[in-house]
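A closer look at the structure
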2 protein chains.
Amino acid sequence: MANTQNRTPRGGTPTVISIDAMGGDAGVKAVIGGMAKSANKNPDIRFIVHGDEAEIDLHLKRKPELAAITEIRAAQDVVSMDDKPSAALRSGKKSSMWAAIAALKTGEAQATVSCGNTGALMAMSTIQLRKAPGVARPAIAILWPSTNKQEYNILLDAGADIKADSEDLLKYAIMGASYARNGMGLAQPRVGLLNVGTEEFKGRAELQDAAKLIGTVATSSDFEFVGFVEGSDIPSDRVDVIVTDGFTGNIALKTAEGTATQVSDWLKVALKNTVFSRIGALLALGTLRRLKNRIDPRKVNGGVFLGLNGTVVKSHGGADATGVSAAIKLTFSLAQNDFSEKLTARVASGLAVSTDVLSNSEEASK
Amino acid sequence: MANTQNRTPRGGTPTVISIDAMGGDAGVKAVIGGMAKSANKNPDIRFIVHGDEAEIDLHLKRKPELAAITEIRAAQDVVSMDDKPSAALRSGKKSSMWAAIAALKTGEAQATVSCGNTGALMAMSTIQLRKAPGVARPAIAILWPSTNKQEYNILLDAGADIKADSEDLLKYAIMGASYARNGMGLAQPRVGLLNVGTEEFKGRAELQDAAKLIGTVATSSDFEFVGFVEGSDIPSDRVDVIVTDGFTGNIALKTAEGTATQVSDWLKVALKNTVFSRIGALLALGTLRRLKNRIDPRKVNGGVFLGLNGTVVKSHGGADATGVSAAIKLTFSLAQNDFSEKLTARVASGLAVSTDVLSNSEEASK
């Protein structure tokens, strides 16, 4: 590590990102490619990269500038996409994923990125970093393309846990707002709770309870609670942060991915249908390419684990160099911002307020 | 009613559809317009239309051919979109919605269509028609644009009930398969159970139980059970019928609507960006219009209530004449097919098999 920190920074204080080079579907090459892209844009970035030494070395050799700011740490095992989290925990202590998180725990790095198995990454991160005080269920927060000024909304939990009770949802609201503040620079983010319809069958009991809890802490936690939102509001400018349990969040995310892919596929086929539309498509090529970028999940690549003592970012398993670079960029800006410490403080003060308000109202009702 | 049935059919036996003309956001005009479109295509269709007599008459007067096959029944009250289902049940006995369902119950009509309040329509339908034997929770089945040959997949429950236990999900599978057989002509529909991921956190316990139950009845119920599917599979050709609880189904549906709208909006803006892309868009106009039709929710308008003694179809509240016509077309073909009776028989035989198999395996494990 001394190795990395002793290099003369070209800008301010260097920020060290610990990278798991293995386990992504696109291989080590995509990870190294993404690191190179990010390094080009951020003179203050440094890397510790974990995995198969020979393979990493092979790709790093071709990028001497990147090699100069990167320390390689050999790890003999790889957590595969099919490994169950429990199995990965039992037998994965020599894996690149475990080592990538360990470097964050020891303070050598300020944040960790992996393209590997989400469940295993969450399990290993939770074991090594521990949950932040007051957090029972950590969550995965993702960026969702939206019509908002900041171009993205935040949705959590996108699948860390299949359950969430009303207190978990309260903490998701506080954590999501903190992420919006630090990741997007929104002073007063608008938080909505995902639910069905606006009629009588208005969702489950825990959602009604969660709405009350979130309402009590909104003002003191510097966010605005807009109440219930529906699936169609997720990409809208009614809201900046959408709170839901991990089962529902994952279904929503995958459904949106499926829909976006379907619409682009149809568009592609449709534009090949006639000579006129082919010429039209050619003329509009640049425009259509920009649109594709806008809805391209690789460009918004990075699920942030919230509620742990440390910043861990899950990059999409199939991400190419562009996707990995986007995840590293996000990780870098959160690490520079001391995001993890700020989030922990927000959860603590939010919980204090909700407990106060609730016990006062219990007192009053006696 | 004699009035309607005595008219000489231009084709086979006339099928009578009972229509609630009130309560839709687009008003009586859209409903009458939709009826006229449907009547043009189906010589065997007849209507009983319920609502404000003066208003219906006003719009019918301009369509003498439609007027000739339509009976008007005055109803003084309207269930509004904001009415809670319980309130609608208490005070809505003189509403057009109540009367539209009543005409199905008495046998005067073979099916009912309403653009009104979904919760109220389900509550009134359940009270008047009663649940089919063996069904604890009726479901709303919707058509979802897909890459399948039949161009649509079926998803249920899209929001009739926010909960579903494993036995409800079993019945949804049987009912969805029956709908696919009768509505789409698929002899052996493929049924999938919506869940998250393929890793260890593989959804809730009731989903594991439901998968076992559905597996036991698949062969005897003439469908193929493909196991768990994810949100991204909903529009895919891996599956014809997607089974889920009404909370999750509603979130998925609304999320897909939001995503499709977002992508089309971006496409519109993108194609106006440069002169080249404007010319391109003009040349591809017909193609883009066809695409819009393909993803237009109005074209696939019609949520079918499954699990009641009678066929009730909910048309989208905001549907225009095209949307209402699509809902009527669907209703007409189901009514002609004696769908409701076939579905009830399927549920009964499916339950008999699952009970047999389960009690045999319990015996065996003793």
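This structure is a prediction, so every number in the text was calculated from the model and none was measured. (Residues numbered from 1 in each chain as written. Chains lettered and ligands numbered in written order. Predicted model: local features only at pLDDT ≥ 70, side-chain atom pairs only at ≥ 80, totals over all residues.)

**What to know about helix H7 (residues 118–129) of chain A**
Residue and element names in this part refer to chain A. Counted at 1.5 Å a residue, the expected span for H7 with its 12 residues is 16 Å, and the 16 Å between its end C-alpha atoms agrees. With 10 of 12 residues buried, H7 is to be regarded as a mostly interior element. Among the structural elements, helix H5 (85–91), helix H6 (96–105), strand S4 (111–114), strand S10 (303–306) and strand S11 (311–314) are those in contact with the buried residues of H7. A positive phi of about 70° marks Arg130, the residue just after H7. (Helix = DSSP H or I, 4+ residues; strand = E, 2+ residues; numbered from the N terminus. Expected span 1.5 Å × (residues − 1). Buried ≥ 20, exposed ≤ 12 C-beta atoms within 10 Å, placed from the backbone. Contact = placed C-beta atoms within 7 Å.)

**Concerning the sheet that holds strand S2 (residues 45–51) of chain A**
All names here are of chain A. Strand order in the open sheet formed by 11 strands is S3-S2-S1-S4-S11-S10-S5-S6-S9-S7-S8, with mixed pairing between adjacent strands. At either margin of the open sheet sits one strand with a lone partner, and together these are strand S3 (70–74) and strand S8 (224–229). Taken pair by pair, the neighbouring strands of this sheet meet at an average axis angle of 25°, ignoring direction. Contacting strand S1 (15–20), S2 and S3, helix H2 (residues 27–41) crosses the sheet at an angle of about 170° to S2. (Pairing = 2+ DSSP bridges. Axes fitted to C-alpha atoms, helices over the stretch in contact; angles between N-to-C directions.)

**Topic: the sheet that holds strand S4 (residues 111–114) of chain B**
Residue and element names in this part refer to chain B. Spatial ordering of the open sheet is given by S3-S2-S1-S4-S11-S10-S5-S6-S9-S7-S8, a layout of 11 strands whose pairing is mixed. With one partner strand each, in any of the chains shown, strand S3 (70–74) and strand S8 (224–229) form the two edges of the open sheet. Strand-to-strand twist of the sheet, defined as the mean angle between neighbouring strand axes without regard to direction, takes the value 25°. Across 4 bridges, the pairing between strand S1 (residues 15–20) and S4 is parallel. What sits directly across from Asp20, in S4, is Ser114. Against the sheet, helix H2 (residues 27–41) makes contact with S1 and strand S2 (45–51), and its axis sits at roughly 170° relative to S2, the strand it touches most. Each of S4, strand S10 (303–306) and strand S11 (311–314) touches helix H7 (residues 118–129); the most contacted strand, S11, lies at about 170° to it.

**A short note on the nonpolar core**
Among soluble globular proteins, nonpolar side chains are generally buried collectively. Formed by 220 residues in total, the largest nonpolar core has its most connected members in Ile17 and Ile214 of chain A together with Ile17, Leu156 and Ile214 of chain B. In this structure, Ile214 of chain B is in contact with Leu170, Ala173, Val191, Leu193 and Phe225 of chain B, ignoring residues within four places of it in sequence. (Core = buried A, V, L, I, M, F, W, Y, C linked by C-beta atoms within 7 Å.)

**Considering the environment of Gly176 of chain B**
All names here are of chain B. You can see Gly176 is positioned in helix H8 (residues 166–184). On the basis of neighbour count, Gly176 is assigned to the buried category, with 27 C-beta atoms found within 10 Å. Between the alpha carbons of Gly176 and Asp240 there is a distance of 9.1 Å; along the sequence they are 64 residues apart. The residues touching Gly176, leaving out its near neighbours within four places in the chain, are Ala141, Ile154, Leu156, Val191, Val241 and Val243.

**Quick notes on the domain arrangement of chain A**
All names here are of chain A. Domain boundaries in chain A define domain 1 (1–131 + 307–337) and domain 2 (136–306). Facing the 22 residues of domain 1 at the interface are 19 residues of domain 2. Among the elements of the structure, H7, S11 and helix H13 (321–336) are those that each provide at least two residues to the side of domain 1 that touches domain 2. Looking at the side of domain 1 that touches domain 2, the element that brings in the most residues is H13, giving 7 residues. (Domains from an automatic or database assignment.)

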